[in-house]
Amino acid sequence: MEISAKTEYALRAMLQPTDAAGDDAPISVDALARAQGLPRKFLESILADLRRADLVLSTKGARGGYRLARPAADIPVGAVMRAVDGPLAAVRGRRPQDTTYDGVAQHLPMLWIAVRSSLRQVLDETSLEQLGSGDLPIRVRALAEIPDAWQNR
């Protein structure tokens, strides 16, 4: 699975407001870009996607900016990823359940569904709050602690 720059930047931007110790004040695009070292124009596009997905709220004006649309504990990482990059698992642009193959490849859809399911278990069960605090769900920590998890294959 390739994590796009867009997804990485979206998560970094969404985590920044959770670092404000409960402050619900909007944070400007410039402040977000500076805090995370992100390109401003690209970040604006990402924030627009997040706003359309009802994950952030925008406020105009001198004191304007962006803030989370709901508590970080109620925003799963998977929702952020879907907002900026679409479905978690696609096979050449199609949903896994919409794939069909003949012959020896006939069971590939089952594998694609299992891959999607495993992604959902990690990404939809981890909230921004958990990610920001490092208090990740037990299942996620267990997967990261598998001895070869940090090794390339």
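Our structure's up above, just so we're on the same page.
These figures come from a predicted structure and were not determined experimentally.

### Description of the side chain of arginine 116
- Relative to the assigned elements, arginine 116 resides in helix 5 (residues 108-123).
- Buried arginine 116, no salt bridge; nearest opposite-charge side chain is aspartate 98, N-O distance 7.6 Å.
- A distance of 2.8 Å separates polar atoms of two side chains, one belonging to arginine 116 and the other to glutamine 97.
- Sequence-distant contacts of arginine 116, that is, excluding residues within four places in its chain, are made with Ala89, Pro96 and Gln97.

### Here we look at the nonpolar core
- Of all hydrophobic cores here, the largest spans 30 residues; its most connected members are Met14, Leu43, Leu50, Val80 and Leu128.
- Looking at this core, the elements that each hand over two or more residues are helix 1 (5-18), helix 2 (29-36), helix 3 (40-52), strand 2 (65-68), helix 4 (77-85) and helix 5.
- In this structure, leucine 50 is in contact with Ala10, Met14, Leu55, Val56, Val80, Ala83 and Val84, ignoring residues within four places of it in sequence.

### Digging into the packing of helix 2 against helix 3
- Across the interface, helix 2 lies against helix 3 with an axial gap of 10 Å and an inter-helix angle of 115 degrees. Pair helix 2 / helix 3 crosses with right-handed handedness. Between helix 2, through Val29, Asp30, Leu32 and Ala33, and helix 3, the contact on the second element is made entirely by Arg40, Leu43, Glu44 and Leu47.

### Focus: the environment of lysine 41
- The topology assignment puts lysine 41 in helix 3.
- It is 9.8 Å that separates the C-alpha atoms of lysine 41 and aspartate 30, two residues lying 11 residues apart in sequence.

### Some words on unusual backbone geometry
- For aspartate 54, which is not glycine, the phi torsion reads 60 degrees and is therefore positive.
- Take aspartate 54: it is sitting in the loop between helix 3 and strand 1 (56-59).
- The exposed category is assigned to aspartate 54, whose relative accessible area is 54%.
- The phi dihedral of arginine 92 falls on the positive side, at around 50 degrees, and the residue is not glycine.
- For arginine 92, the location among the structural elements is in the loop between helix 4 and helix 5.

### A look at the pairing of strand 2
- In terms of strand pairing, strand 1 meets strand 2 through four bridges, oriented antiparallel. In the sheet register, threonine 59 faces strand 2, and the bridge partner there is glycine 65.
- Here strand 1 folds back onto strand 2, and the loop between the two strands holds five residues, one of which, glycine 61, carries a positive phi near 110 degrees.

Here is what the cut-offs are and how they apply
Residues numbered from 1 in each chain as written. Predicted model: local features only at pLDDT ≥ 70, side-chain atom pairs only at ≥ 80, totals over all residues. Heavy atoms only, no water. Helix = DSSP H or I, 4+ residues; strand = E, 2+ residues; numbered from the N terminus. Buried < 20%, exposed > 50% of the residue type's maximum accessible area, 1.4 Å probe, protein only. Lys, Arg positive; Asp, Glu negative; His and termini not counted. Salt bridge = Lys/Arg side-chain N within 4 Å of Asp/Glu carboxyl O. Polar contact = N/O pair within 3.5 Å; in protein donor to acceptor, adjacent residues only side chain to side chain. Contact = heavy atoms within 4.5 Å. Core = buried A, V, L, I, M, F, W, Y, C linked by side-chain atoms within 4.5 Å. Axes fitted to C-alpha atoms, helices over the stretch in contact; angles between N-to-C directions. Left-handed = near helix turned anticlockwise from the far one by under 90°. Pairing = 2+ DSSP bridges.

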